[in-house]
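# Secondary and tertiary structure notes
Read off the chains here:
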Amino acid sequence: MTRKSGTGTSKSWLCAMVTSALLLQMPAAVLAEETDNQETFSLDAMVITANRIPTEAAKTAANVTVVSKEQIENGPYANLGDVLRDVNGVIVSTKSFAGANQTIRLNGDDRVLVMIDGRRISRPQGVMGGRASIDLSSIVSLDNIERIEIVKGGAGALYGSDAVGGVINIITRKGTEAKTTIDFSAGSWGIRNYGLSTQGSENGFSWYVTANKKEQDYAKYSVLNPTLTPGSSKGDSYRWPNSRYEGEGFTLRLDKEIDDNRSVTFNFEHWNDEGGQPFSVKSPSVGLVDRSTRLSNNWALTYDFNKQKDVPGFARIYANYANQGFYGTYKSRTQGVAYQTGWQLGDQHKLIAGVDWEKGEVIENISQDNTVNYKNKAVTNTAIYLQDIFTVTGKWTVTPGIRYDHHSKFGGQTTPKVNVNYSADSATDIYLSYNKVFKAPNLDDLYYNDSGYSYYGDPNLKPETGHVVSVGVNKKLDDNTSVKANYFTSKLNNAIDWEYTATEAWVRNIAKQKKHGFELDIQHKFSDRYYAEAGYSYIHSEENYDNVGYIVDAKNSQPNGYRVKVGYTDTQWDVNVTGQSATGRDTNSFVDSNYWVWNLAANYKMTQDASVYFNVYNLGDKAYELTSSGSGSRGNYPMASRHFVMGIKYSF
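Residues numbered from 1 in each chain as written. Predicted model: local features only at pLDDT ≥ 70, side-chain atom pairs only at ≥ 80, totals over all residues. Heavy atoms only, no water.

## Quick notes on the pairing of strand 11 (residues 191-202)
Looking at chain direction, strand 10 (residues 179-187) and strand 11 are connected through nine bridges and run antiparallel. Across the sheet, residue Phe184 finds its bridge partner in strand 11, namely Tyr194. Count of turn residues in the strand 10/strand 11 antiparallel hairpin: three residues, of which Trp189 carries a positive phi of about 65 degrees. Two strands pair when backbone bridges link them, and strand 11 and strand 12 (residues 205-216) are joined in this way by eleven bridges, in the antiparallel orientation. What sits directly across from Gly195, in strand 12, is Asn212. (Pairing = 2+ DSSP bridges. Helix = DSSP H or I, 4+ residues; strand = E, 2+ residues; numbered from the N terminus.)

## Points about the pairing of strand 34 (residues 560-569)
Of all ten residues in strand 34, seven are buried, a share of seventy percent or more. The pairing of strand 32 (residues 530-544) with strand 34 spans nine bridges and is classified as antiparallel. For Tyr536, the partnering residue across the bridge sits in strand 34 and is Tyr562. Examined bridge by bridge, strand 34 and strand 35 (residues 573-583) share ten bridges and lie antiparallel to one another. Residue pairing in the sheet places Lys565 in a bridge with Thr578 of strand 35. Joining the antiparallel neighbours strand 34 and strand 35 is a turn of three residues. (Buried < 20%, exposed > 50% of the residue type's maximum accessible area, 1.4 Å probe, protein only.)

## Topic: the packing of aromatic side chains
Tallied over the full model, the rule gives 21 aromatic pairs. Note on Phe184 and Tyr194: the rings are 5.3 Å apart at their centroids and 40 degrees apart in plane angle, and the pair reads as tilted. Taken together, the positions of Phe184 in strand 10 and Tyr194 in strand 11 put the pair ten residues apart, joining distant regions of the chain. Its relative accessible area of 37% is what places Tyr194 among the partly exposed residues. With 4.8 Å between their ring centres and 45 degrees between their planes, Trp573 and Tyr604 make a pair best called tilted. With Trp573 in strand 35 and Tyr604 in strand 36 (residues 595-605), the pair connects residues that are 31 residues apart, well separated along the chain. A relative accessible area of 26% places Trp573 in the partly exposed class. An aromatic cluster is defined as three or more aromatic residues linked by ring pairs; in this entry it consists of Phe97, Tyr221, Tyr238 and Trp240. In this structure, Lys377 packs its charged tip against the face of Tyr447, placed 4.8 Å from the ring centre. (Phe/Tyr/Trp six-rings, centres within 6.5 Å; stacked < 30°, edge-to-face > 60°. Lys NZ or Arg CZ within 6 Å of the ring centre and 35° of its normal.)

## Describing the sheet that holds strand 9 (residues 166-172)
Read from one edge to the other, the open sheet built from five strands follows the order 3-8-9-6-7, with strand pairing classed as mixed. With partners counted over all chains shown, the strands left at the sheet margins are strand 3 (63-68) and strand 7 (119-120), one partner each. Looking at chain direction, strand 6 (residues 112-116) and strand 9 are connected through five bridges and run parallel. When the sheet's bridge partners are listed, Val112 is paired in strand 9 with Gly166.

## Side note on the environment of Asn618
Within the secondary structure, Asn618 is located in the loop between strand 37 (610-617) and strand 38 (643-651). According to the relative accessible area criterion, Asn618 is buried, its value standing at 3%. Dropping the residues within four chain positions of it, Asn618 is found in contact with Val597, Trp598, Asn599, Tyr624, Ala640, Ser641 and Arg642. (Contact = heavy atoms within 4.5 Å.)

## Thoughts on the pattern of salt bridges
Side chains carrying opposite charge are able to pair once their charged atoms draw close together. Per the stated rule, a full pass over the model turns up 38 salt bridges. Two residues, Arg52 and Asp356, come together in a salt bridge whose shortest N-O distance is 3.8 Å. Remark: Asp356 occurs in strand 20 (residues 349-367) and Arg52 occurs in the loop between strand 1 (46-47) and strand 2 (55-56); sequence separation between them is 304 residues. Per residue, the accessibility class of Arg52 equals that of Asp356, and both read buried. (Salt bridge = Lys/Arg side-chain N within 4 Å of Asp/Glu carboxyl O.)

## What to know about the environment of Tyr562
By secondary structure assignment, the location of Tyr562 is in strand 34. Here the alpha-carbon distance between Tyr562 and Gly535, two residues 27 residues apart in the chain, equals 5.6 Å. Ignoring anything within four residues of it in the chain, the contact list for Tyr562 reads Gly535, Tyr536, Gly579, Gln580, Ser581, Thr583 and Trp596.

## Observations regarding the sheet that holds strand 30 (residues 505-509)
Spatially, four strands are ordered 25-26-30-29 in an open sheet, and the strand pairing comes out mixed. The outermost strands of the open sheet, each flanked by one partner alone, are strand 25 (449-450) and strand 29 (496-500).

## Considerations on the nonpolar core
Core analysis: the largest hydrophobic core is formed by 26 residues, its most contacted members being Leu80, Leu84, Ile104, Ile148, Ile150 and Ile168. Looking at this core, the elements with two or more residues in it are helix 4 (80-85), strand 6, strand 8 (145-152) and strand 9. Those residues in contact with Ile168 that lie beyond four places of it in its chain are Leu84, Ile104, Leu106, Val112, Leu113, Val114, Met115, Ile148, Glu149 and Ile150. Counting residues in each nonpolar core, the second largest holds 13 residues, with Val379, Leu446, Tyr448 and Val507 among its members. (Core = buried A, V, L, I, M, F, W, Y, C linked by side-chain atoms within 4.5 Å.)

## As for unusual backbone geometry
Among all residues save glycine, negative phi is the norm, and among peptide bonds the norm is trans. Phi is positive for Asn306, close to 55 degrees, though the residue is something other than glycine. For Asn306, the position within the fold is in the loop between strand 17 (291-305) and strand 18 (313-325). Its identity as a non-glycine residue notwithstanding, Asp546 has a phi of 60 degrees, on the positive side. In this fold, Asp546 is placed in the loop between strand 32 and strand 33 (550-552).

Shape is all these values report; function is a separate question.
Printed below as a string of structure tokens:
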């Protein structure tokens with residue numbers, strides 16, 4: 001166990017100022033070089049997820065963010081949660097050790113659909129604690145990601161259940177040039193990361209393969225509540241017991257071009273990790289809960305057609321398998337079939353139609369004392385959807401859509417939508433969207449039955465239903481500056497919640513849940529080399545239990561969120577500092593009402609084929625938390641102390 005003196009906000013600001021000063025001292029010889037790797041502003045990007053066909057981001061009538069592969073490669077990111085946490089308005093709840101669960105919220109809602117190349121990877125079992133359907137930490141690899149499209153707001157009319165807070169679509173890389181890259185990094189706490197990727201293309205056939213291995217001997221946290229760590233002071237660094245971590249990943253993408261309009265793609269992902277699970281500062285070991293294992297094996301086969309047309313189509317089959325060991329053993333499987341086609345009807349209509357079928361199954365759910373909670377439970381969902389992108393005039397676009405889902409447990413559910421986009425001029429788009437949404441109970445909600453530990457699901461639950469309304473503007477002030485603003489409001493009936501006491505837990509439909517919020521994003525290029533981004537988000541969440549009145553969610557970890565990024569880039573250097581902050585938090589649930597955390601990433605290209613990088617996490621060594629542990633033990637889930645990773649990449 002080690003300790004060091006605590007640090008405050010002033011030290012965080014000092015580190016940020018020093019790093020910013022370093023950015024201004026780049027050698028004059030480097031400044032004289034031309035650069036071609038400046039980040040592309042997201043308003044110009046073509047995105048698929050919002051409308052299910054390629055559409056310019058500014059004209060999707062939705063709150064869309066695109067994270068490019070360059071941003072991922074050049075940022076201070078150890079995992080997918082780190083990448084998404086850097087996006088304005090995104091909340092990722094986690095603890096400070098490498099094997100901790102990571103769940104995501106969009107628009108303050110954890111009912112988020114996560115996909116890879118348009119196919120669902122959300123799990124039918126669910127994730128313990130909240131309405132999330134996937135643990136982001138189970139996705140080990142980042143090297144195969146081409147970009148991430150994040151759509152905030154209801155998307156039930158296109159994607160059905162889970163897409164209440166929004167959709168995250170991870171789009172993978174396709175092989176192009178003949179190239180192999182090896183990547184090794186090491187850092188604090190025995191961190192060792194090994195990566196290999198290889199790609200190529202020949203006679204219409206291409207491949208992209210990645211393999212990763214991650215190891216960490218232990219982790220440290222910054223003390224938030226000294227009463228939970230005897231003999232400590234706030235800001236001291238203490239070692240988590242039982243926090244060793246090992247993870248591995250393998251991904252494969254094979255593409256075959258049949259002709260200009262048709263292709264076949266096969267995807268496979270294997271992720272497997274194991275890590276210690278110190279439950280909390282106060283109780284680092286609880287019974288038999290001291291390790292967590294996560295295994296995922298996913299595959300998909302996709303046939304794309306009409307690729308050169310305005311409305312392309314596809315047919316896909318896929319399957320996902322997950323085996324998690326934590327509080328017992330949980331094995332689940334998902335199988336699905338999807339088909340989409342479309343037509344360009346004159347100059348005004350792009351009509352899209354599709355069919356989805358999915359079966360989600362829990363093979364077995366066994367508690368830590370080997371009691372069978374439930375097994376061999378499955379649900380199926382069959383859906384059809386229709387959407388028309390109707391160009392009324394050169395300025396007005398109206399996009400109505402409707403989806404019908406038939407769930408084997410809950411019957412039919414119809415979710416309509418209508419989006420309106422107004423292009424005031426070539427640089428300004430204003431939009432309004434209305435989306436009906438629903439979220440079916442997951443299999444744990446319905447069938448979990450652990451009598452030994454008194455955790456009970458309810459097979460008589462009702463689906464959550466409601467709507468989301470968004471209004472926003474996308475504006476390019478000039479070639480170097482863009483602004484996005486969005487306001488949303490959402491309301492759910494029959495919201496599902498797990499209720500906990502000291503001795504038992506059970507699930508039920510509470511009456512209502514509502515949220516509203518606002519986001520503002522600004523991106524600016526000072527020159528070809530210097531750029532900056534700033535974002536603000538506001539989220540207000542309330543729940544009404546049994547129609548007795550609304551109560552503000554005291555565990556909202558980011559009522560006011562702030563994101564700042566300042567960077568420098570040229571043909572050799574890419575250096576950026578990112579800041580993340582939250583204010584307005586309830587001090588009955590969190591130690592501090594606010595925090596600022598800064599991270600640094602520096603990348604230097606030594607030659608065309610070799611580069612080195614250096615990342616520092618929590619520059620100011622701030623003591624903070626992202627997950628509330630309740631009023632009785634605030635600070636029980638502190639985040640990691642300052643640590644670093646440095647590495648080298650070589651391609652041949």
